[in-house]
Amino acid sequence: MKQIMFFLKQIHSFAGRVLYVNLAAMMAIGLLEGVAVLLLIPLIGLTGIIDFDSSSIPLAGIFSFMDDVPVHISLPVILSVFVILAITQNLLYQKITIRNTIIQQGFLRHLRNKTYNGILHSKWHFFINKRKSDLVNILTSEVVRASSGTQSVLQFMSSLITTMIQIVLALLLAPTITIFILLCGGVLVLFNRKFLKRSLELGMRNYELGKRYIGGITDQINGIKDIKSNSLERSRLDWYADITHEMQREQVEYMKLRTTSQVYYKAASAILIAAFIYIALMMFNAQLAQLMLIIVIFSRLWPRVAGIQASLEQIATVLPAFKAVQALQQECRVQEEFVENQQIDPMQLNHQIECKGVYFRYNQQEPDYTLENVDFTVPAYKMTAFVGRSGAGKSTLVDLLMGLNHPEKGEVLLDGKVLTKQNVLSLRRAMSYVPQDPFLFNTTVRENLQLVKPDATDEDLWEALQFASADSFVEKLPQGLDTLIGDRGIKLSGGERQRVVLARAILRKPSILVLDEATSSLDTESEAHIQEALERLKGKMTILVIAHRLSTIRNSDQVIVLDEGKIVQKGGFKQLAQDKSKVFNHLLKKQVEIAP
Ligand SMILES: Nc1ncnc2c1ncn2[C@@H]1O[C@H](COP(=O)(O)OP(=O)(O)OP(=O)(O)O)[C@@H](O)[C@H]1O
């Protein structure tokens, strides 16, 4: 019951008044069905087969006025009313089903939007600690499962209301039989509690399996090149066969559980009805009319009780999915980065970015800092490069400048203003970021570029492409700007992809451009193209570059060298190269040795 209330609260908070309208309509359906049962009393009398003694049946008196009406009139009248009631009830039922679907689909959409909104507005820290496939699983499978619980709850409510009304009518018609049926039903529901517990366990297993399944296939599809080139197909297929087998077993077990509990109800129904007719005939000398009522009431009421059990089991299985969605929403609330409720303009960086005494670590339980006492200034409209060995802390530092990581001590200042939750969005809108593995959609060059500026004209697009040294190769593509570039831009070379992404970054006309190892996987010619592009951009915006390849940053205005989370050198490229005892010179020498 706690679980039903939990679901009802959620649906209520979403649907509000509409829910009550539906519940009222369900009550009307129950009443109509009840009236149809009542009509059986004069019908039984009219058949004349049975010696109908209305005094033996409560409520039957209300039809006594029909005693004087001839059968050739009363029979068609009663049958017509019966047909009208049945049609009205079914029409109402159809309307309610549609309205319930509107509530359920609306609730699904509401759950999806709220969850995705929460995810997108969470801090970077949240993503660092989360497995991406778990988020995909919740957004695709679990949200749907959770909202299917809404349907079960509405079905449960409808069954419950109809049953209640029928119980009241049945109590008026035949109190002893009804109380007996109810007692038996109650005992069976109690007895079947273990089925609910088991349903909950199966729901939990289904959730875990779904998570593992999506996690596994996401990793494998992402790493398909490794799988193929290292001939790992067999082992991956074995994994897949195992997990799908487990999923199959879980579904079969669930079906076994559902059908077993229903078998109990059906078997109990047959036994009870036989026992009751026997007792009624042998002990109470019941009339045939009363026996017919027993059968009618029993056959109407009992399936409802069984239906309630089925809905409860259904709700129990989807509860883990609902709780997982809720837990994620709660986590996102705690991790909220900013509220996007007002029009925020991009900031214009005119003077400098400063890092003052910054300390940062990913895990505050650990003693060592990833960045320690970091102090530097990045002048606006200049190009600053961050270099250092792998793991020195370059990406962590740039993430801090982008407001993705937050200093534990110290502060980041933009034109003298501390970077906070309040101005981080304005900074992001002023920034374009080009990662090492750039992201392109499976569509045309044009649409990939217009992603950041939907109203960009052809002239704007070509200008950005020219700045990124990408114009000449785009011109040569079969359909130019309208050429499809495949999944993640697979039809372009690494260097071409990188330049399209750079063009996209430039199209936004950012105040700050960040390149995160954008040239490390490129050949020398592609690197030279990016270098040309950077040369063209110098002086137009503030450029931050993380570079493994030191040749890329030869023309930067300032180089910041990091080692084990500390700044060990700062200055111009040539100046740093001359200091033979320090890290920068060491890095340079290594690259010269590797170069052919
Ligand atoms: N999400 C994380 N959680 C915990 N530690 C992390 C995380 N990301 C990075 N680190 C650690 O922080 C340190 C700095 O990593 P960072 O990625 O900033 O280095 P980097 O200089 O950019 O390295 P690379 O050149 O290899 O990309 C490393 O020791 C790394 O293991």
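Criteria and cut-off values
Residues numbered from 1 in each chain as written. Predicted model: local features only at pLDDT ≥ 70, side-chain atom pairs only at ≥ 80, totals over all residues. Helix = DSSP H or I, 4+ residues; strand = E, 2+ residues; numbered from the N terminus. Buried ≥ 20, exposed ≤ 12 C-beta atoms within 10 Å, placed from the backbone. pLDDT = per-residue confidence, 0-100. Axes fitted to C-alpha atoms, helices over the stretch in contact; angles between N-to-C directions. Parallel < 35°, antiparallel > 145°, perpendicular 65-115°, else oblique. Left-handed = near helix turned anticlockwise from the far one by under 90°. Contact = placed C-beta atoms within 7 Å. Core = buried A, V, L, I, M, F, W, Y, C linked by C-beta atoms within 7 Å. Domains from an automatic or database assignment.

Draft legend 1. A look at unusual backbone geometry. Backbone geometry places D415, a non-glycine residue, at a positive phi of 45°. Mapping D415 onto the fold places it in the loop between strand 4 (409-414) and strand 5 (417-418). One non-glycine residue with positive phi stands out, namely S469, at about 55°. Assignment of secondary structure puts S469 in the loop between helix 15 (458-467) and helix 16 (471-476). What makes S469 buried here is the crowd of 22 C-beta atoms within 10 Å.

Draft legend 2. Structural view of the confidence of the model for the chain. Looking at the chain as a whole, the pLDDT averages 81, with 88% of positions reaching at least 70. Both scores are available for the predicted complex, with the pTM at 0.74 and the ipTM at 0.96.

Draft legend 3. The packing of helix 6 (residues 132-173) against helix 8 (residues 193-222), seen in detail. Following both chains from N to C, one finds helix 6 and helix 8 inclined at 120°, their axes separated by 9 Å at the closest point. For the element pair helix 6 / helix 8, the angle class is oblique. In the packing of helix 6 onto helix 8, the handedness of the crossing is right-handed. Between helix 6 and helix 8, the residues in contact are S133, D134, V136, N137, S141 and E142 and Y207, G210, K211, I214, G215 and T218, respectively.

Draft legend 4. Structural context of the nonpolar core. In this structure, V387, A464, A468, L502, A503 and V545 are the most contacted members of the largest nonpolar core, which totals 70 residues. Ranked by residue count, the leading element in this core is helix 17 (residues 494-507), at seven residues. Per-domain counts for this core show at least three residues from each of domain 2 (341-430 + 541-596) and domain 3 (431-509). With near-sequence residues (within four places) excluded, A503 lies in contact with L449, A464, L465, F467, A468 and A470. One finds I138, L312, F322 and A324 within the second-largest nonpolar core, a separate group that totals 28 residues.

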